[in-house]
Amino acid sequence: MLILLLALPAITHALLTDNDLKLEYYWAPPAIGIAHHYEVQTSTDNGVSWTNVGNTPNSSAPTFDNPFPITGIAGKTYLVKVFAVDANNNKASATSDPVMCTPGDANRDGQVELTDFTLVSRHWLRSYGDPSYNLSADLNDDGVVNIDDLTLVTLYWGRVYYNGAPDRQNTIFVPNQPQLGQNFPNPSNPETWIPYQISREAQVTIEIYNTNGQIVRILNLGFKPAGYYVTLNNAAYWDGKNEAGEETSSGVYLYVISAGDFHAARKMIVLK
Ligand SMILES: [Ca+2]
Ligand SMILES: [Ca+2]
């Protein structure tokens, strides 16, 4: 009898990178057991057949900053399955939500046209860390909006991946479980973005605590539809200030999300 020593790893895919030819994924290690490495498979036929796309070199799970790259095909919808494999070759897997590879479609309305061109040109030569850097405009996710991104727009100019963005987005991009992501950048100085996803519409708040358990700041994010809030444009934003409007000091902080009956907490570091 096969005894699974591993609990399912929680997979989080970085939706922000779905719009180029490189899908990027990261996930949390198994809650129980120790992974020796991870195997990754993809399916483009809704899970009927799977293709091995590689293993991680060691037990380290990919992170938001260092995700697992998968080469995508324009217009294809991908499922990604991750197997946590322990030293005795026991495996446990988890499967991602479907995501479509839509290169050149900066604003994700399903078509590559003038608005995408405009988005790229409006953020021209802005790089990661600039206040006006825009993740959507950085189509190849290399941290700078430049000719490579414009090339993606022109290369796929006129391409229609899907029509009627809102409907399609609901079927494609609604997460099947809520999750709180790691803030970026982390450490922060002082502003930072907190990515999250919710599977049902809810009033969303994020509370930030210091290590003494005192509330530093409450971010009331309002009523949000189900979806991914993981980009610079829609993730929760914290300017690094407390409720009194003063800058917080360096140190470890805890952030806690509440969205309906979903609650989760993570740590972040403010470093000045
Ligand atoms: Ca578009
Ligand atoms: Ca770029």
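The structure this text deals with has already been given above.
Described in the following lines is the structure provided in the data block. Note that the structure is predicted; figures quoted are calculated from it, not measured. (Residues numbered from 1 in each chain as written. Chains lettered and ligands numbered in written order. Predicted model: local features only at pLDDT ≥ 70, side-chain atom pairs only at ≥ 80, totals over all residues. Heavy atoms only, no water.)

Some thoughts on the coordination of the calcium ion (ligand 2)
- All of the protein donors around the calcium ion (ligand 2) are Asp138 (OD), Asn140 (OD1), Asp142 (OD), Val144 (O), Asp149 (OD) and Asp149 (OD); their distances to the metal are 2.2 to 2.6 Å.
- Angles of 51 to 162° at the metal separate the six donor atoms of the calcium ion (ligand 2), which places the site in the irregular class.
- Spacing between the donor residues of the calcium ion (ligand 2) along their common chain follows D-x1-N-x1-D-x1-V-x4-D. (Donors = N, O, S within 2.8 Å, 3.2 Å for Na, K, Ca; no water. Tetrahedral: all angles 85-135°; square planar, octahedral: opposite > 155°, others 65-115°.)

Side note on the sheet that holds strand β12 (residues 202-210)
- Ordered by their spatial adjacency, four strands build an open sheet running β13-β12-β16-β17, and the pairing between neighbours is antiparallel. Every interior strand has two partners, whereas the edge strands, β13 (215-224) and β17 (262-270), have only one. Neighbour-to-neighbour, the strand axes of the sheet open up by a mean angle of 15°, direction not taken into account. (Pairing = 2+ DSSP bridges. Helix = DSSP H or I, 4+ residues; strand = E, 2+ residues; numbered from the N terminus. Axes fitted to C-alpha atoms, helices over the stretch in contact; angles between N-to-C directions.)

A look at the coordination of the calcium ion (ligand 1)
- Within the protein, Asp105 (OD), Asn107 (OD1), Asp109 (OD), Gln111 (O), Glu113 (OE), Asp116 (OD) and Asp116 (OD) serve as the donor atoms for the calcium ion (ligand 1), at 2.2 to 2.8 Å.
- In the primary sequence, the donor residues of the calcium ion (ligand 1) line up as D-x1-N-x1-D-x1-Q-x1-E-x2-D.
- The class for glutamate 113 is partly exposed, based on a relative accessible area of 23%.
- Given the relative accessible area of 0%, aspartate 116 is considered buried. (Buried < 20%, exposed > 50% of the residue type's maximum accessible area, 1.4 Å probe, protein only.)

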